[in-house]
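Examining the three-dimensional arrangement
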Amino acid sequence: MQPPHSPHPRNAPPGSASLTERFQRIRAASEAICAPLQIEDYVIQSMPDVSPPKWHLAHVSWFFEAFVLQPFLRGYRVLDEAYDHLFNSYYETHGQPFPRASRGLLSRPGVAEVYRYRQHVDAAMDELLAHPPAEHATEIARRVELGLQHEQQHQELLLMDILHILAQNPLRPAYRTDLQPGPTQLPDEPHWKDYSGGLHQIGHDGEGFAFDCETPRHRQFLEGFRLASRPVSCAEYLAFMSDGGYARPELWLADGWGLVRQAGWHAPLYWQRADDRWLEMTLGGLRPLDLQAPVCHISFYEADAYARWAGARLPSEAEWEIAARNQPIAGNLLESDHLQPIASPQAAPISQLYGDVWEWTASAYRPYPGFKPLPGSLGEYNGKFMCGQMVLRGGCCVTPQAHIRATYRNFFYPAMRWQFAGLRLAKEA
């Protein structure tokens, strides 16, 4: 059975409800995201990096089962022993993960069985949270919080993957037809905001939740820099394309230029030309390109090439964090229910740092000085991926608001484009 459709899935901010209430609300939000799907949509894997929606729903349940219920709930019985293999993502020290690129071959268990699995896990979690063993209560709470943050990550991944799945269908079906429209006003003309150089503290300060990769807080010296007041728009990116941006090797890093030629890139992912106008595939279906909205679904290579064409550069993640740390965490995030970047709604010295698009930075995803991963199998969560990927900051239009913060470090390989990623320009002061 599919859950009833809620067009506005909500997540409670940390600290606003008990852990049990937050668990129930976040778990319900994942099912609300999947409610508009047809049964066939749940099982498709459109490329190796995309997971079928039903796999996401099962995997986040497996996370609680493997790392909370089995260690701490006396007498807990798994629903099916095979699930520990099928829904383990990459935890090699825990067991044997099922190959990522083959998740679309798992026609069984079916969608109904996956929802029964979630109910089984949820009932056991309710029992554990109601009566946690006193000697393990602190560790249980820590792991449950990590599991909830993990599920919120998968809520974003679900919407990324659903869009990619539906975009492969020549019918260009809409995930939802009732999404909230964006503002009609034109965005402000971009301007530069100056930031002074010097010795700065970056990284999480220990208050509230953070992933291990956001720690430890440490000092970093920065030269003075300038940031653009808003992300690059689709209209501005079209100017880059019209000026031969995809045909000029001098603008591209070598690996990026190789991909342009090999893959035939000529526009962002999901853009297509029809007669004399550009269209874009969105979660609301195929729509005319919103020229005023931030450009989205571009790789690091495309962001870097655009910045070079514009006579600027990408900011470092430290520069981005310095600019964002005193800004309120508000913007076009999941709860806005646009599920697509929109034009900047108001004038501000600097805007859209949170929401709309993840912003590529020039920083490689590497450990901070003194970084220590979590102990045990949970240490595989972030640390082993600190090679060959680039950092993105700020969240996007499908990121839960309670999940994002100034120190949050997202990371993708530089060629990836299916995430909601754009760019903001930087310059030397």
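Above this text you will find the structure in question.
Now for a description of the structure that goes with this document. Because the structure is a prediction, the values reported are computed rather than measured.

**A look at the sheet that holds strand β9 (residues 390-393)**
Strand order across the open sheet formed by four strands is β10-β9-β8-β11, with mixed pairing between neighbours. Two strands in the sheet have a free side with no partner beyond their single neighbour: β10 (410-412) and β11 (421-422). Bridge count between strand β8 (residues 358-364) and β11: two bridges; the pairing is parallel. Residue pairing for β11: E359 is matched across the bridge by G422.

**Section: the pattern of salt bridges**
Enumeration over the complete set of coordinates arrives at 23 salt bridges. Residue R118 pairs with E31 through a salt bridge whose shortest N-O separation is 2.7 Å. Remark: E31 occurs in helix α1 (residues 19-34) and R118 occurs in helix α4 (residues 111-130); sequence separation between them is 87 residues. The buried category is assigned to R118, whose relative accessible area is 0%. When its relative accessible area of 16% is taken as the criterion, E31 is described as buried. For the salt bridge of E250 with R248, the shortest nitrogen-to-oxygen distance reads 2.8 Å. Look at R248 and you get partly exposed, because its relative accessible area is 25%. Among the charged side chains, a network of salt bridges with common partners joins R27, E31, R118, D122 and E151.

**Some thoughts on the packing of aromatic side chains**
Any pair of aromatic rings gets described here by the distance separating the centres and the angle formed by the planes. In the structure shown here, the tally under the stated rule is 35 aromatic pairs. Ring geometry for Y83 against Y117: centres 4.8 Å apart, planes inclined by 65 degrees, an arrangement best described as edge-to-face. Highlighted residues: Y83 in helix α3 (residues 83-86) and Y117 in helix α4, separated in sequence by 34 residues. We classify Y83 as buried; its relative accessible area is 6%.

**Here we look at the state of the cysteines**
Counted according to the given criterion, the structure contains zero disulfides. C234 takes part in no disulfide bond, and the closest cysteine sulfur, belonging to C296, lies 8.0 Å away. Take C296: it sits in no disulfide, and the sulfur closest to it among the cysteines is that of C397, at 5.9 Å. Taking relative accessible area as the criterion, C296 reaches 1% and is therefore assigned buried.

**Thoughts on the packing of α1 against α4**
Where α1 meets α4, the axes come as close as 10 Å, and the angle between the chain directions of the two elements is 170 degrees. It follows that α1 is roughly antiparallel to α4 by the angle criterion. The residues of α4 that touch α1, namely those facing L19, T20, F23, Q24, R27, S30, E31 and C34, are Y115, R118, V121, D122, M125, D126 and L129. Classifying every residue of the contact of α1 with α4 gives seven nonpolar, three polar and five charged.

Criteria and thresholds
- Residues numbered from 1 in each chain as written.
- Predicted model: local features only at pLDDT ≥ 70, side-chain atom pairs only at ≥ 80, totals over all residues.
- Heavy atoms only, no water.
- Pairing = 2+ DSSP bridges.
- Helix = DSSP H or I, 4+ residues; strand = E, 2+ residues; numbered from the N terminus.
- Salt bridge = Lys/Arg side-chain N within 4 Å of Asp/Glu carboxyl O.
- Buried < 20%, exposed > 50% of the residue type's maximum accessible area, 1.4 Å probe, protein only.
- Phe/Tyr/Trp six-rings, centres within 6.5 Å; stacked < 30°, edge-to-face > 60°.
- Disulfide = S-S within 2.5 Å.
- Axes fitted to C-alpha atoms, helices over the stretch in contact; angles between N-to-C directions.
- Parallel < 35°, antiparallel > 145°, perpendicular 65-115°, else oblique.
- Contact = heavy atoms within 4.5 Å.
- Nonpolar A, V, L, I, M, F, W, Y, C, P; charged D, E, K, R; others polar.

So far we have only geometry, and geometry alone does not tell us how the molecule works.
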